[in-house]
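Listed here are the chains, written in short residue letters.
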Amino acid sequence: GESVGLHLPTLSVQEGDNSIINCAYSNSASDYFIWYKQESGKGPQFIIDIRSNMDKRQGQRVTVLLNKTVKHLSLQIAATQPGDSAVYFCAENGSGGYQKVTFGTGTKLQVIP
Amino acid sequence: KAGVTQTPRYLIKTRGQQVTLSCSPISGHRSVSWYQQTPGQGLQFLFEYFSETQRNKGNFPGRFSGRQFSNSRSEMNVSTLELGDSALYLCASSLAAKTNTEAFFGQGTRLTVV
């Protein structure tokens, strides 16, 4: 079955450093990917998305890279700040034909001041 | 523009009872989907509605049901509650009928079954 999984459950980063969160997916039919950030007690917050016809997409301080050959995604956060501390989920939406977000297990990012 | 609104934010119920959760999507969004989040299982898809029709359903028992109204607001119902139903229930809304669009989440309803 389809799944989206993460390599590392917890990532600790010094404030000001760059963070890289990795994600693998198994469904080669997936063509739309999203990164979400979830802070304690809140719902997932959309960060950035990428479609399969792209290899890279940049937002404000964030970059998503997609490698379709090895079915791998990564989220890069530049100059990590304490407010970036949260659980990050990679997800794919809609490979089943409808709006259905399939989430990975999540990576907890801890920013060390 | 207001975001996705879920009510109530917190709920405590007793085993065997039923519960109804509400979700108001972003104005203009017609797709509403529901998810259950637990520490052990992560975020799991429950079902999705579009124009008052359920289009997709996850692997949950029939005790979990939902509906969508003509104004796109959605409710989900859980009957005969079990302790294992304790979770954060999240609702997401999307603009388009097709896939491959952003899904925006509400803050969730924290359900505790005792």
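Now for a quick tour of the structure. (Residues numbered from 1 in each chain as written. Chains lettered and ligands numbered in written order. Predicted model: local features only at pLDDT ≥ 70, side-chain atom pairs only at ≥ 80, totals over all residues. Heavy atoms only, no water.)

## Observations regarding the nonpolar core
In this structure, W34(B), L46(B), F64(B), M76(B) and Y89(B) are the most contacted members of the largest nonpolar core, which totals 21 residues. When residues of this core are traced back to their parent elements, those giving at least two are strand 3 (19–24), strand 4 (31–38), strand 5 (42–50), strand 8 (74–78), strand 9 (87–94) and strand 11 (109–113) of chain B. Filtering out sequence-adjacent residues up to four positions away, L46(B) remains in contact with W34(B), Y35(B), Q36(B), K57(B), G58(B), F60(B), F64(B), M76(B) and Y89(B). Within the second largest apolar cluster, 20 residues are counted, among which are V13(A), F33(A), V64(A) and V111(A). (Core = buried A, V, L, I, M, F, W, Y, C linked by side-chain atoms within 4.5 Å. Buried < 20%, exposed > 50% of the residue type's maximum accessible area, 1.4 Å probe, protein only. Helix = DSSP H or I, 4+ residues; strand = E, 2+ residues; numbered from the N terminus. Contact = heavy atoms within 4.5 Å.)

## Regarding the interface of chain B and chain A
The figure often quoted for interface size is the accessible area lost as the parts come together. With 23 residues of chain B at the contact, the number on the chain A side is 20 residues. Both sides together, the interface formed by chain B and chain A hides about 1900 Å², and carbon and sulfur atoms give 53% of it. Taken together, the connections running from chain B to chain A amount to zero salt bridges. Seen at the junction of chain B and chain A, the total is five residue pairs in polar contact (both at pLDDT 80 or more). Looking at the side of chain B that touches chain A element by element, the count peaks at four residues for strand 4 of chain B. A class-by-class count of the residues in the side of chain B that touches chain A yields eight nonpolar, 10 polar and five charged. (Buried area = accessible area lost by both parts, 1.4 Å probe. Salt bridge = Lys/Arg side-chain N within 4 Å of Asp/Glu carboxyl O. Polar contact = N/O pair within 3.5 Å; in protein donor to acceptor, adjacent residues only side chain to side chain. Nonpolar A, V, L, I, M, F, W, Y, C, P; charged D, E, K, R; others polar.)

## With respect to unusual backbone geometry
All names here are of chain B. The linkage connecting T7 with the following residue, P8, adopts the cis geometry, with an omega of -10°. In this structure, P8 sits in the loop between strand 1 (5–7) and strand 2 (10–13). The residue E52 is not glycine, and still its phi comes out positive at about 70°. Of note, the phi angle at T80 is positive, near 45°, even though the residue is not glycine. On the secondary structure map, T80 appears in the loop between strand 8 and strand 9.

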